[in-house]
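# Remarks on the overall topology
Chain by chain, the residues:
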Amino acid sequence: MLTSLVRLDSMAKSCPPTALDYENRIIAQAIELLERRLFADGPLLLNPEAVSDYLRLKLMPEPSEVFVAVFLSSKHQVIACETLFRGTIDAAQIHPRVLVQRALAHNAAALIVAHQHPSGCSDPSSSDERLTQRVKNALDCVEVRLLDHFIVGKGEPFSFASNGLL
């Protein structure tokens, strides 16, 4: 997302900045600040609200559904945050096998996954619930804990853990 904002910014240098240009710059700066706070030197993730805010800023500007994973150490220090799947305006094909592969590649002990609903509705669908269970079961096989699954939409993101679904 940041690279596309930078690319758009560099292409628009010949045109006067618009309100959208300013908003994109502010969003990019906010993501940068949150990444520094959350992911610099592997901080501990002890604050679900900060993770939720970061995921909102990272996923909301996406026009199509995007699925990300935050890989964590055994002490819940951030190892990496990766966009793993991109989809259409209302769906993304998620493969638990890829999550397991990436978790093992990062030597992660736990992870948090998230995706956004471009429609704005953050309520989980029955397929979101089934996916969360499939991901959890796949990760359990390799002793990696799924701590939460956030769905980002308008308002507060939906947390599977906070709602007793994980």
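The written sequence of each chain sets the order in which its residues are numbered from 1. Reporting of local features is limited, given that this is a predicted model, to residues whose pLDDT is at least 70; pairs of side-chain atoms are given and counted only at 80 or more, and all residues count toward the totals for whole chains, interfaces and linings. Hydrogens and waters are ignored; side-chain quantities use all the structure's heavy atoms.

### Brief notes about the pairing of strand β1 (residues 66–72)
In the case of a regular strand, side chains alternate between the two sheet surfaces. What counts is decided by this rule: Partly exposed residues are those whose accessible area sits between 20% and 50% of the maximum for their type, while under 20% is buried and over 50% is exposed, using a 1.4 Å probe and protein chains only. Think of it this way: any DSSP run of H or I at least four residues long counts as a helix, any run of E at least two long counts as a strand, and we number them from the N terminus. The rule for pairing is simple: two strands pair if DSSP sees at least two bridges between them.
Most of β1 sits inside the fold, with seven of its seven residues counted as buried. What you see with β1 is no split at all: Val66, Val68, Val70 and Leu72 on one side and Phe67, Ala69 and Phe71 on the other are buried throughout. In this sheet, strand β2 (residues 78–86) lies alongside β1 in antiparallel orientation, the contact comprising seven bridges. For Leu72, the partnering residue across the bridge sits in β2 and is Val78. The hairpin formed by β1 and β2 contains five residues between the paired strands, and His76 there has a positive phi angle of roughly 65°. Where β1 meets strand β3 (residues 110–116), six bridges bridge the pair, whose relative direction is antiparallel. Bridging across to β3, Ala69 finds its partner in Val113.

### Things to note about the pattern of salt bridges
Rule in force here: A pair is scored as a salt bridge if a Lys or Arg side-chain nitrogen falls within 4 Å of a carboxyl oxygen belonging to Asp or Glu.
The tally for this structure, following the rule as stated, stands at two salt bridges. The shortest N-O distance in the salt bridge between Asp140 and Lys136 comes to 3.1 Å. Placement of the pair is Asp140 and Lys136 together in helix α5 (residues 126–141), with a separation of four residues, close to one helical turn. Given the relative accessible area of 39%, Asp140 is considered partly exposed. Residue classification places Lys136 among the partly exposed positions, given a relative accessible area of 24%.

### What about the confidence of the model for the protein chain?
Spelled out, the test is: pLDDT is a residue-level measure of predictor confidence that goes from 0 to 100. Any two residues having at least one pair of non-hydrogen atoms within 4.5 Å are treated as being in contact.
On average, residues of the protein chain score 82 in pLDDT, and 84% of them reach the 70 mark or higher. Ignoring residues within four places in sequence, the model shows residues 1–9, a span with pLDDT below 50, making seven contacts including any to other chains.

### What to know about the nonpolar core
In plain terms, the rule: Remark: nonpolar core denotes a set of buried residues (Ala, Val, Leu, Ile, Met, Phe, Trp, Tyr, Cys) joined through side-chain atoms within 4.5 Å.
Counting residues in each nonpolar core, the largest one holds 19 residues, and the members touching the most others are Phe67, Phe71, Leu99, Ala103, Leu111, Val113 and Leu139. Mapped onto this core, the elements with two or more residues apiece are β1, β2, α4 (96–105), β3 and α5. Membership of the second largest hydrophobic core comes to 16 residues, among which are Leu34, Val51, Leu59 and Leu72.

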